[in-house]
Amino acid sequence: MTDIIQRGLYFEEFEVGARYLHRPGRTATEADNVLFTTLTMNTQALHLEAAFAEAGEFGQRLINSMWTLSTMVGASVAQLTQGTLVAQLGLHDISFPHPLFAGDTLYTESVITEKRLSNSRPGQGIVTITHTGRNQDGVVVATATRTALMYCRPEEG
């Protein structure tokens, strides 16, 4: 019998231009929003206060955008970085072009946009990943570019 361990990709396995569709999606709930918002000490009424949010532009509470960002990155872990990530180096070009609401389902895809071996860390490489989150209707609700330091494939021996 062969043992197969679930893991992310080693540096060499990333292919620039490859697109990964992370499934299943994640339906955002009111409980997710309130818990995440209060755990992170975010007192924004748009996330916590129904009466305030109902009187605003969107007519209802918005899912905390940091929940959306965290969930997008989290959705990619099993396929891309589980056990093969050295460190996350940064997030940039983050945008939230459309709100996410309780009851919406977030679907995430990731595209590998760049990769290079590390100049200062032998056996490691830097991979740039662009994450896109869409709701159940295919509307883009978030994008973010992530730079990750990844392990190279271990030498067999």
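Up top you'll find the structure we're talking about.
Notes on the structure follow. (Residues numbered from 1 in each chain as written. Predicted model: local features only at pLDDT ≥ 70, side-chain atom pairs only at ≥ 80, totals over all residues. Heavy atoms only, no water.)

## Remarks on the packing of aromatic side chains
- Scanning the entire structure with this criterion turns up 1 aromatic pair.
- We note K115 situated over the ring of F11; from NZ or CZ to the ring centre the distance is 4.6 Å. (Phe/Tyr/Trp six-rings, centres within 6.5 Å; stacked < 30°, edge-to-face > 60°. Lys NZ or Arg CZ within 6 Å of the ring centre and 35° of its normal.)

## Examining helix α1 (residues 30–39)
- All of the buried residues in α1 are D32, N33, F36 and T37. Buried residues along α1 cover an arc of 115 degrees about the axis, so they all sit on one side. Residues of α1 that are exposed and point more than 90 degrees away from the buried face comprise A31 and L39.
- Where α1 is buried, its residues touch β1 (19–27), α2 (45–48) and α4 (65–80). (Buried < 20%, exposed > 50% of the residue type's maximum accessible area, 1.4 Å probe, protein only. Helix = DSSP H or I, 4+ residues; strand = E, 2+ residues; numbered from the N terminus. Arc of directions from axis to C-beta. Contact = heavy atoms within 4.5 Å.)

## Some remarks on the pattern of salt bridges
- All told, the structure shown has 6 salt bridges when counted by the stated rule.
- Between E13 and R7 there is a salt bridge, and its shortest N-O distance comes to 2.8 Å.
- Overall, E13 belongs to the partly exposed group, its relative accessible area being 25%.
- Among the residues examined, R7 registers a relative accessible area of 34% and is labelled partly exposed.
- When salt bridges that share partners are traced, they join R7, E13 and R153 into one network. (Salt bridge = Lys/Arg side-chain N within 4 Å of Asp/Glu carboxyl O.)

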